[in-house]
Amino acid sequence: MFLLTLGVVLAAVSSVLFNFGLVLQKQGAREQKGLRRLSFNWIKGYLTSKRWLAGTSITICGYASELVAFSIAPFALLQPVYTAGLSTLAVFSVLVAKERFSRLEWTGVIMAVAGASMVVATARPDVDMVAFDKIAWGRLETVLLSSAVVSIALFLVGMRLAERSEVVLGLASGVAFTGAEVLTKAIGIEIAHGPHRMSISLLAQPHTWSIAAGLLFFGILGTYFLQVGFEHGRALIVGGVMGLSADMLPLLSGVAVFGEKLAPGVILGTLRISGIMLALLGASLVAFSEKTQHLVDVLSSGAVDGEEDRVEGEDNLKDLEVSIHSTVARNPEVESGSRETLDL
């Protein structure tokens, strides 16, 4: 039970890191708008954008946490936690954008957290512990091929649409990241539970490098689709659709590829599926709310930095006035000139 609990905690941590990293990546993507995609200047713009690099670094830290979580707990327990993690946007909205969430939006936060908690409460070590011998490698290849074809097709369709393109591009990214998450789980189980677990001999296994190559491919593909989506439409819609689809689609892969049980018995199964649906609905209320959109707009436009500059400027003006008043007090003869200065 300790390992399952640890997996849930690591999933919650990585979810927060992913959401914060995506906000920073959106800021970096906004700076590249107008540049021809895949051109030298476009690539250079991303690689020299401090905000995009910071967001990517935070996302990589989240991925490291996710790798460990996937190696010790099933998708059925972890994915609702990632879905509920979208409610962290509510916290960012209150603390950063100074928004006041409505009752409906706070209800969404409570629903997401409650749904994830219901799922976690159904954890059973005898049912949910991952195992290397349960991996269906043939089905894994089918899932990966389907993810690649579907994500690329969605991306091409999204680039041709005049409307709703941000939804399709977000879904394309989510499907691509689903392939990355399935491979992350596969390599995590290989490292933790395989015949060469925690051994340097893993590097000598051909399938280890095949998984690593596939992981790199889907990671780059999903990241590219996501950044294009950020440039093409609203981050709220693109990121929301990507996050929800990448959270929910692996549930099916867990059953088909890793032998997971989505419903461990009638009672626990009903509670688990209800929790998954509740977390999905609650996260949707938060992810697509106007307050969350304002948060993204504030961060993307640099309004927070501008507000800090404004406050700093007001403080400097007050310091100048205090200095002038002090000068007047010491030198009455400059009083008239000082008054004129203050009037200005």
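Keep in mind the model is a prediction, meaning the values are calculated, not measured.

Some points on the confidence of the model for the protein chain
And step 1. Residue-level pLDDT values for the protein chain average 76, and 73% of them are 70 or greater.
And step 2. Here residues 303-318 scores under 50 on pLDDT; set against residues more than four positions off or in separate chains, the count is 5 contacts.
And step 3. Here residues 338-344 is modelled with pLDDT under 50, and outside its nearest four sequence neighbours on either side it reaches 6 contacts, counting other chains as well.

Details of the packing of aromatic side chains
And step 1. Scanning the entire structure with this criterion turns up 8 aromatic pairs.
And step 2. Between F155 and F225, the ring centres sit 4.4 Å apart and the planes meet at 15°, which makes this aromatic pair stacked. Of this pair, F155 sits in helix 8 (residues 137-160) while F225 sits in helix 10 (residues 206-232), and the two are 70 residues apart along the sequence. F225 shares its class with F155; the two are buried.
And step 3. One aromatic cluster is present, formed by F18, F70, F75, Y82 and F258 through successive ring pairs.
And step 4. The aromatic ring of F75 is capped on one face by K185, whose charged end is 5.0 Å from the ring centroid.

Quick word on the nonpolar core
And step 1. One finds L78, Y82, L140, L183, F218, V257 and F258 to be the most contacted residues of the largest nonpolar core, which totals 35 residues.
And step 2. Contributing elements (two or more residues each) for this core: helix 1 (2-31), helix 3 (50-72), helix 4 (75-84), helix 8, helix 9 (165-193), helix 10 and helix 11 (235-258).
And step 3. At 6 residues, helix 9 tops the list of elements feeding residues into this core.
And step 4. Among residues more than four places away in sequence, those in contact with Y82 are A11, S14, S15, F18, E66, F70 and D247.
And step 5. By size, the runner-up hydrophobic cluster in this structure holds 14 residues, among which are Y46, V168, L169 and F225.

Re helix 8
And step 1. Compared with the 34 Å implied by 1.5 Å per residue over 24 residues, the 35 Å span of helix 8 between its first and last C-alpha is a close match.
And step 2. All of the buried residues in helix 8 are L140, V143, L144, S147, A148, S151, L154, F155 and G158.

With respect to the packing of helix 8 against helix 10
And step 1. Where helix 8 contacts helix 10, the two axes come as close as 12 Å, and the packing angle between them is 20°. By the criterion of interaxial angle, the relationship of helix 8 to helix 10 is roughly parallel. By crossing handedness, the relation of helix 8 to helix 10 is classed as left-handed. In this structure, helix 8 contributes W137, L144, S147, A148, S151, I152, F155, G158 and M159 to the contact, and helix 10 contributes I211, F217, F218, L221, Y224, F225, V228 and H232.

Section: the environment of H232
And step 1. Within the element layout of this structure, H232 appears in helix 10.
And step 2. Given the relative accessible area of 34%, H232 is considered partly exposed.
And step 3. Residues H232 and M159, spaced 73 residues apart in sequence, show a C-alpha to C-alpha distance of 8.7 Å.

Topic: the pattern of salt bridges
And step 1. Counted by the stated rule, this structure contains 1 salt bridge.
And step 2. Salt-bridge contacts for E260 lead to K185; the nearest nitrogen and oxygen are separated by 3.5 Å. Of this pair, E260 sits in the loop between helix 11 and helix 12 (266-287) while K185 is found in helix 9, placing the two residues 75 residues apart along the sequence.
And step 3. Owing to a relative accessible area of 11%, E260 belongs among the buried residues under this scheme.
And step 4. K185 gets classed as buried once you look at its relative accessible area, which sits at 0%.

What counts as what
- Residues numbered from 1 in each chain as written.
- Predicted model: local features only at pLDDT ≥ 70, side-chain atom pairs only at ≥ 80, totals over all residues.
- Heavy atoms only, no water.
- pLDDT = per-residue confidence, 0-100.
- Contact = heavy atoms within 4.5 Å.
- Phe/Tyr/Trp six-rings, centres within 6.5 Å; stacked < 30°, edge-to-face > 60°.
- Helix = DSSP H or I, 4+ residues; strand = E, 2+ residues; numbered from the N terminus.
- Buried < 20%, exposed > 50% of the residue type's maximum accessible area, 1.4 Å probe, protein only.
- Lys NZ or Arg CZ within 6 Å of the ring centre and 35° of its normal.
- Core = buried A, V, L, I, M, F, W, Y, C linked by side-chain atoms within 4.5 Å.
- Expected span 1.5 Å × (residues − 1).
- Axes fitted to C-alpha atoms, helices over the stretch in contact; angles between N-to-C directions.
- Parallel < 35°, antiparallel > 145°, perpendicular 65-115°, else oblique.
- Left-handed = near helix turned anticlockwise from the far one by under 90°.
- Salt bridge = Lys/Arg side-chain N within 4 Å of Asp/Glu carboxyl O.

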